[in-house]
Amino acid sequence: MSLRFDAPSSLQYFATLVQSDEQLPLMEAAICIAQDEFPELDIQAVLADIDQMQMRLTRHLAGVHTPLQRLKVVNHFFFGEMGFGGNVNNYYAPENSYIPVVLATRRGIPVSLALVWLELAQAAGLQAAGISFPGHFLLKVGLPEGQVVMDPLTGTSFSAQELAQRLEPFGLGRGRREDSIPLGLHLQAATPRDILERLLRNLKEIYFAQSQWALLTATLDRLIVLLPEDWAEYRDRGAVLAEQGRTREAVADWETYLEHAGDRPDAGLIANRLAVLRG
């Protein structure tokens, strides 16, 4: 009798990685997202490339002891020697959110560059984290001298006043409203799940704008696996499935949404569209 073991799909593999917040392997899960575009991607090979980069950085850190000096070495290595930076010529390309492509081209968007930078910071022993700042993902590093908040596109650091000014276009700046949230609350460390959500939502916007329905569906599949109680994602996936003529699946998603929608203002609209699909 022969035994057959089927390899898990990319989505199933992603689900095993993100099923628990305890020790969630952020980089591995982020790399896995690129399998929607590159099904034959070797995730372990990409992780090995990152290990090689970390070892290369470690040689630069020999004899460098203070956290501030180590931060300077990491930034020089990342932005200078390795040449990482923002893809200003094609900022909205989906490849900017794919870690393997970012590693190959040295170009990305704030959240993808931050992911790579954080791997190097970890190897350098720095206390670093990502920040889901409105409009632009940021990095922060805790030093004995104080906290440094940086732009992952350039390594530029921001003062408290500059950060407050960056909030103003969102109606969140200091003095704009009586109920404004203190700046410090906008600088909380993003969890691995937060970072993966931001990466996937970037792809969701891009694929919707480009009408790439298959890739948009795959991205929504991952968002629902990552955030199983974010019912709006079921609504959105239902709409995309309906666009592709996948009626039975669209009906199931909209039924799930309406079951949990409560008094959301679009519940009536979705109920009407569901009735049409059931036809």
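Quick caveat, the model's predicted, so the values are computed rather than measured.

What is the right way to read the overall build of the protein from this model?
Each helix and strand counted, the protein has 12 helices and 5 strands in total. Considered along the principal axes of its C-alpha atoms, the protein spans approximately 70 × 70 × 35 Å. Expressed as a percentage of the 279 residues in the protein, the buried residues total 46%. The contacts of the protein with a sequence gap of at least 6 include a subset with a gap of at least 24, amounting to 53%. Carbon and sulfur atoms make up 51% of the accessible area of the protein, which totals about 14,700 Å². Distance between charge centroids for the protein: 4 Å, based on 24 positive and 34 negative side chains.

What is the right way to look at the packing of aromatic side chains in this model?
Counted according to the given criterion, the structure contains 6 aromatic pairs. Considering the side-chain rings of F38 and Y98, the 5.8 Å spacing of their centres and the 75 degrees angle between planes classify their relative orientation as edge-to-face. With F38 in the loop between α2 (26-33) and α3 (43-60) and Y98 in the loop between β1 (85-86) and α5 (99-105), this residue pair connects regions lying 60 residues apart in the sequence. A residue is classified by how much of its surface remains accessible, and Y98, at 1% relative accessible area, is buried. Members of the aromatic cluster, each reached through a chain of ring pairs, are F78, F79 and F84. Residue placement shows R222 over the ring face of F14; its charged tip is 5.0 Å from the ring centre.

Any chance you could explain the sheet that holds strand β5 (residues 146-150) here in plain terms?
Hydrogen bonds between backbone atoms are what pair the strands of a sheet, whose relative direction is either parallel or antiparallel. Pairing is antiparallel in the open sheet, where 3 strands are placed in the order β3-β4-β5. A strand with exactly one partner marks an edge of an open sheet, and here the two such strands are β3 (127-131) and β5. Adjacent strand axes in the sheet meet at a mean angle of 20 degrees when their direction is disregarded. In the sheet, β3 pairs with strand β4 (residues 138-143) via 5 bridges, with the strands oriented antiparallel. Looking at the pairing, A128 lines up with V141 of β4.

What exactly am I supposed to notice about the layout of surface pockets here?
Think of a ball as big as a water molecule: rolled over the atoms, this probe shows where empty space is left. Each pocket or cavity is described by its volume, and for the largest pocket that value is around 430 Å³. Taken together, 20 residues line the largest pocket, and the ones lying closest to its centre are I109, G135, R198, N202 and E205. When residues of the lining of the largest pocket are traced back to their parent elements, those giving at least two are α6 (110-123) and α8 (192-209). A total of 8 residues in the lining of the largest pocket trace back to one element, the largest contributor, which is α8. For the second largest pocket, the calculated volume is near 330 Å³. Along the walls of the second largest pocket sit 18 residues, with L26, L118, E119, Q122 and P192 positioned nearest its centre. Listed by contribution, the elements that provide at least two residues to the lining of the second largest pocket are α2, α6, β3 and α8. Top contributing element to the lining of the second largest pocket by residue count: α6, with 4 residues.

The rules behind the values
- Residues numbered from 1 in each chain as written.
- Predicted model: local features only at pLDDT ≥ 70, side-chain atom pairs only at ≥ 80, totals over all residues.
- Heavy atoms only, no water.
- Helix = DSSP H or I, 4+ residues; strand = E, 2+ residues; numbered from the N terminus.
- Buried < 20%, exposed > 50% of the residue type's maximum accessible area, 1.4 Å probe, protein only.
- Contact = heavy atoms within 4.5 Å.
- Areas by Shrake-Rupley, 256 points an atom, 1.4 Å probe, with all protein chains shown as cover.
- Lys, Arg positive; Asp, Glu negative; His and termini not counted.
- Charge placed at Lys NZ, Arg CZ, Asp CG, Glu CD.
- Phe/Tyr/Trp six-rings, centres within 6.5 Å; stacked < 30°, edge-to-face > 60°.
- Lys NZ or Arg CZ within 6 Å of the ring centre and 35° of its normal.
- Pairing = 2+ DSSP bridges.
- Axes fitted to C-alpha atoms, helices over the stretch in contact; angles between N-to-C directions.
- 1 Å grid on protein atoms, 1.4 Å probe; cavity = no way out; pocket = protein on both sides within 12 Å on 5 of 7 lines; lining within 4 Å.
- Points joined across faces, edges and corners; volume = space filled by probe spheres on them.

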